[in-house]
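Inside the fold
Residue-level listing of the chains:
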Amino acid sequence: MRRIAIVGAGQAGLQLALGLRAADYDVTVFSTRKAAEIRTGRVMSSQLMYGPALALERRAGLNLWDAATPPIGGLQLTLVDPPGVRSATISSTLDEPAQSVDQRLKTAHWLELLEERGGRVEYRPVAADELAATASAYDLTLVATGHGPLAEVFGRDERHSPYDSPQRALACLYLHGVMPDTRQPPGYARVCAVPGTGEYFLLPALTVSGPCDIMLWEGHPGGPFDCWSDGPDPGAALARSLELLRSYAPWEYELCAAAQPTDARAVLTGGLTPVVRHPVAEVAPGSYVLGMSDAVVLNDPVTGQGSNNAARCAARYLDAIVERGERPFDRAWMHETFAAWWEHARHGTAFTNMVLGPHPEHFQRVLAAASEHPGIAHRYVNGYADPADYQDWLMDADRAEACLAAVAGRPAKG
């Protein structure tokens, strides 16, 4: 029985570990916290999983919250310019409903499930200088945590990493008592984008105390939405959020005015630097570890790709490990395995980086057209679920122009 170590117990690491146990591998996961600590701890993300990633969970029998989780049937994006005024709206259904399950629920339960199914969990941090010993003790060692010194063992890939600092100040808050927006179909996620200031998101979710809504702020550094550096508690974060909504999106303020935090640990603030790292690290002469998910491809949450990337990575790595049989997990295999996943992940990374930066002129034209043409709105909204589609029309100025010309019934510019 081949022995595999996974350092990190999030979506990617635990999904892979459970898949390996189902295939009868000897699996050890290293987690810094026990299930009870996670379940009662601070919220960890604003995770939003689209249909294709959810299908991977269902295929693995890990869709344990389908019945209780509010489905997200579509997306509404409102351009707010000037503050307090809706200047354009893009709205469309998703071909497959999305979901958001509190990572505290999912991670804690998956950890318990892994142990029930014969996997081992070592509850302790692993330092970067311990990776060599870990790699020598297992047939394969994977690093599945994208934060802290462990991720730094993988060198930065400058080709795909245009940013060297956080592009948004982030604040995530879980709420009960948000009123539904009766002007749109039930169960839509909502986004308000304020040019030069940032973005506000609200999405239905499931947390430890039942259905809720997640509020996410993405603030341009130094702007009005960048107001979380003092690490407010949930009550203070909500009060601050309501003041922002009163000024920038009063229609959203009306829906959230009576809301309350779901629990005492229902807020997360901070920021991250988007980065792509080289997937393989040499931790001792001739000894290598393979990075997965956030450890090597870390995106800002502005396009909701994180958990989806993690699920796809776990599924692809699982297939590659099983297909490898008894052959060694050598450096060449590690690079090939990452490349197969990167073939998809690169599209979400490129799209996210474009959304974060100054929007190219052709992207602005597409968004304007999407506010007027349902067909473009539908394709744009569903691209979040599979950003590979954007490559055929959105990411390239000439292809975007051809798409817009076809919708308008005019020849494309030559």
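Scope of this entry: the structure provided in the associated data block. (Residues numbered from 1 in each chain as written. Predicted model: local features only at pLDDT ≥ 70, side-chain atom pairs only at ≥ 80, totals over all residues. Heavy atoms only, no water.)

**Some remarks on the nonpolar core**
Counting residues in each nonpolar core, the largest one holds 61 residues, and the members touching the most others are Ile6, Leu16, Leu20, Leu142, Met292, Tyr317 and Ile321. Top element by residues in this core is helix α8 (residues 306-324). It accounts for seven residues. Residues in contact with Tyr317, not counting those within four places in the same chain, are Leu16, Leu142, Leu290, Gly291, Met292, Thr337, Phe338 and Trp341. Listed in part, the 44 residues of the second largest apolar core include Val43, Ile90, Tyr163 and Ala189. (Core = buried A, V, L, I, M, F, W, Y, C linked by side-chain atoms within 4.5 Å. Buried < 20%, exposed > 50% of the residue type's maximum accessible area, 1.4 Å probe, protein only. Helix = DSSP H or I, 4+ residues; strand = E, 2+ residues; numbered from the N terminus. Contact = heavy atoms within 4.5 Å.)

**Comments concerning the pattern of salt bridges**
Per the counting criterion, the structure on display carries 21 salt bridges. Arg365 is the partner of Glu401 in a salt bridge, and the nearest nitrogen-oxygen pair spans 3.6 Å. Here Arg365 lies in helix α10 (residues 361-370) and Glu401 lies in helix α12 (residues 397-408), a separation of 36 residues in the sequence. Given the relative accessible area of 31%, Arg365 is considered partly exposed. Each of Asp102, Arg104 and Asp263 takes part in salt bridges that share partners, so that together they form one network. (Salt bridge = Lys/Arg side-chain N within 4 Å of Asp/Glu carboxyl O.)

**Notes on the packing of aromatic side chains**
If you walk through the whole model with that rule in mind, you get 15 aromatic pairs. An angle of 40° between the planes, with centres 5.9 Å apart, marks the rings of Tyr380 and Tyr390 as tilted. Within this pair, whereas Tyr380 is found in helix α11 (residues 374-383), its partner Tyr390 is found in the loop between α11 and α12, the two being separated by 10 residues in sequence. The residues Tyr380 and Tyr390 share a single accessibility class, namely buried. Aromatic ring contacts, followed pair by pair, group Phe351, Phe363, Tyr380, Tyr384, Tyr390 and Trp393 into a single cluster. Over the aromatic face of Tyr138 sits the side chain of Arg3, whose NZ or CZ is 4.4 Å from the ring centroid. Geometry around Trp251 places Arg86 over its ring, the cationic atom sitting 4.3 Å from the centre. (Phe/Tyr/Trp six-rings, centres within 6.5 Å; stacked < 30°, edge-to-face > 60°. Lys NZ or Arg CZ within 6 Å of the ring centre and 35° of its normal.)

**Let's talk about the pairing of strand β9 (residues 198-207)**
Along any regular strand, the residues point their side chains to alternate faces of the sheet. Taken across its 10 residues, β9 has 10 buried, putting it largely inside the fold. Residues Gly198, Tyr200, Leu202, Pro204 and Leu206 of β9 are buried on one face, and the alternating residues Glu199, Phe201, Leu203, Ala205 and Thr207, pointing to the opposite face, are buried as well. Where strand β8 (residues 188-194) lies against β9, five bridges are found, and the strand directions are antiparallel. Bridging from a neighbouring strand, Val191 pairs with Phe201 of β9. Here β8 hands over to β9 after three residues, with Gly196 in that stretch at a positive phi of 75°. Where β9 meets strand β10 (residues 210-219), 10 bridges bridge the pair, whose relative direction is antiparallel. Residue pairing for β10: Pro204 is matched across the bridge by Asp213. Hairpin connection, β9 to β10: the antiparallel pair is bridged by two residues. (Pairing = 2+ DSSP bridges.)

**Points about the state of the cysteines**
Formally, a disulfide is one covalent bond, and it connects the sulfur atom of one cysteine to the sulfur atom of another. Summed over all chains, the structure comprises zero disulfides. The cysteine Cys227 is free of any disulfide, with Cys172 supplying the nearest cysteine sulfur at 14 Å. A relative accessible area of 22% means that Cys227 is categorised as partly exposed. (Disulfide = S-S within 2.5 Å.)

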